[in-house]
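# Structural characterization, general
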Amino acid sequence: MRWAPERLREVLGRPVQHPTEHRLFAGVALDPGGPRCWIADAVARSVTFLAPVPALLPGDELPVAWAGPALVVPVDLSPGRHDAPAPVHHAMPQVFEAAPGQRVRVLAEAHDTEDRPSRFVTLDPAGGAAERIPLDARPYQRVRGAPAGHVAACAPAVTGGAVVAVGVPGSADEHLIQLDEGPPLEFCWVRAVRHALPDAPRRTGGRTTTATITTATTTTTGTAHLVVVTGHPDGFAITSYAMTDGPIEPARALHRHRGRYLHAHSQDGLFLLALDADGSYTVLVVDPGSPRPVRCLTLGLRPPTLIRIAAVAPRPTAGGRRFATVDAANRLVVWGVPEVGTAASRLFELTVPEDEELITLAGWEPGDVRPVCDRRRPRSPLPAHPGGVPPRHGRIREAGAEFSLHLPTRRDPAAVLVWLSQAGETIPAGAAGPTALDPHWLTLAGFGVLDLRIVCGWSPDVPDEEIRPRLVRQIRDAVLGSGVADRTHPSRLAVGGASFGATLALLAIADCDLFATAIVQSGAYSRQLTLLGFQDETRTLWEAPRVYEDFDAIVNAPRIRRPVLIIHGEADPNPATPVIQATLLFQALIANGTRARLVLLPGEGHSLRSRDGIAAALAEKATWLATMGASPV
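Heads up: these notes are all about the structure in this document.

Conventions used here
- Residues numbered from 1 in each chain as written.
- Predicted model: local features only at pLDDT ≥ 70, side-chain atom pairs only at ≥ 80, totals over all residues.
- Heavy atoms only, no water.
- Phe/Tyr/Trp six-rings, centres within 6.5 Å; stacked < 30°, edge-to-face > 60°.
- Helix = DSSP H or I, 4+ residues; strand = E, 2+ residues; numbered from the N terminus.
- Buried < 20%, exposed > 50% of the residue type's maximum accessible area, 1.4 Å probe, protein only.
- Pairing = 2+ DSSP bridges.
- Axes fitted to C-alpha atoms, helices over the stretch in contact; angles between N-to-C directions.
- Contact = heavy atoms within 4.5 Å.
- Salt bridge = Lys/Arg side-chain N within 4 Å of Asp/Glu carboxyl O.

As enumerated under the stated definition, the model contains 10 aromatic pairs in all. Geometrically, the ring pair formed by F500 and F551 is stacked, given 6.3 Å between the ring centres and 20° between the ring planes. Of this pair, F500 sits in helix α2 (residues 500-511) while F551 sits in the loop between α3 (545-550) and β36 (564-569); the two residues are 51 residues apart in sequence, bridging distant segments of the chain. Summarising the aromatic geometry, the rings of F534 and Y548 are spaced 5.2 Å apart at their centres and angled 85° between planes, so their arrangement reads as edge-to-face. Of this pair, F534 sits in the loop between β35 (517-521) and α3 while Y548 sits in helix α3; the two residues are 14 residues apart in sequence, bridging distant segments of the chain. With a relative accessible area of 3%, F534 lands in the buried category. Judged by its relative accessible area of 2%, Y548 is buried.

In space, the nine strands of this open sheet follow the order β7-β37-β36-β35-β34-β32-β33-β31-β30, with mixed pairing throughout. Looking at strand neighbours, the two that pair on one side only are β7 (94-97) and β30 (392-396), the edges of this open sheet. For this sheet, the mean angle separating the axes of adjacent strands, direction not counted, is 20°. In the sheet, β35 pairs with β36 via four bridges, with the strands oriented parallel. Bridge pairing in β36 places V520 opposite I566. The strands that helix α1 (residues 464-482) touches are β30, β31 (401-406), β32 (416-422), β33 (448-454) and β34 (493-498); relative to β33, the one it contacts most, it runs at about 135°. Helix α4 (residues 580-591) rests against β7, β35, β36 and β37 (596-601) of the sheet, and its axis sits at about 165° to β37.

Right, let's talk about the pattern of salt bridges for a bit. A full pass over the atoms with the stated rule returns 17 salt bridges. For R256, the salt bridge is made with D234, and the minimal N-O distance between the two is 3.8 Å. Here R256 is found in strand β20 (residues 251-265), whereas its partner D234 is found in the loop between β18 (223-232) and β19 (235-243), with 22 residues between them in sequence. Given the relative accessible area of 26%, D234 is considered partly exposed. Put simply, R559 and D511 hold a salt bridge, and the shortest N to O gap is 3.0 Å. Of the two residues, R559 is situated in the loop between α3 and β36 and D511 in helix α2; the sequence distance between them amounts to 48 residues.

The structure is reproduced here in structure tokens:
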């Protein structure tokens, strides 16, 4: 039966499941008087709101975690004053413009994250008391807790790279891990065993030392392991840091993987999903205490099937370790981890209702599988209609495209935005993919939106040299076939898209004369940063150089002669679309004499989730479209 507590309709971010008591979930919700932490028991169907926390850090994506029985939440405190809240800082979008033809340089992290340093406190669900964790104030982005009460939080380092700060229950010391070898993709606590090693990095009295790599492999009991996944040009690396009651032990290199990191699931163990160079999915099972600390399992699946790891069975489970994946069609598959071999065994599958989003599983045996779901958030390409004129749907078969035309009420559109995406590109939450939440709402400002979904052709069905021109012809034929060009002047027709849709929009603005401007959001513009594949192209840059060149907006910047609005979340975690993608495109366009405007949204990820972020993006798009012709106001 479905359970949807009324008081949890305004939840900020995704719920966090308890690592051992799997029926318990926690998070932050908007309650009268401000944000409040809550704990829900899915079995008892009860929700408990904890006592208000002074200076609970504002924002829609809060780093929240379980640490033993307590809940870890960030608070905004003045450095050195633990009894009084600091002033609330509302970060504003960072906007960059320059005269076309100039050579400008934009820092990849333009927003000053020091505006919002935070500390962490633990909340006791029983008594509601808040206890400060001994971590220095930093602009923390993620936090992870261990069943034993350890807390690890990641923040940008002053000297570059990133730092993971670790707090230990009952200790006043902070332990630091400096990550210099690559950006941190994921980190989490894993229950495992290993011999304790002497000499460890820690900070006592203001002094900090840094961990170094060793290759120790012996095991013992009673050790918590912090596993860190860092990105590298050819893949990613997995490193373990062991901790007992004392300091952190030197780092232990577990595995280096050639392939594209997609995401991780850290419920009762660490399971990673990767896309290998041959275009197939691989699941990496990480257990630092095992003689084989990392096992690589094949699933026999590859794109265009899009999957994510949805849940991991608690240990021990009859029949061995299990995990579950879910695809874009909400098909749930439960897999078994074999004792030997490299192929995961497909145990059984079922389908989750279309309007729900799988969070985890409460049962793992056939006939006893109980999916825990959330209401499905609006996904790409558009959200529910905000009211007004019903959309008109159609298909242009010769262009391999479907469309939905959304028009404003009681007037012709002041301008029309053609919003592009690849057909069938709806991505589950947590996967590396697009969610474009807001273009449709431009109809409320007097603009039209043509949601255009293109069936893209890729190798080997289409020759490499024909992929780009074929897509441009499809876009042109679809726009003309939809009839939208008859409803507005050519100078008021814009093209745009999010994620891969942004790539399609730049192809169209460069090679098609229908559009006066482009709006791109959360895109990958330099293919030098996606060397191992992108979208449905599974070959590497060296295997398909023509395709990578054709889809590289930086290389093709001289072909883009019409104005471009670039919107990007500063905290985009998608490995293919870091914020540097947006800054490189802005610099390339300006250097080649094209008008461009770059808007970086603080705290936003690959998709825009906060009210402030969505509102800022809508305002930027409406203002940009209004400059093409008569203002809709």
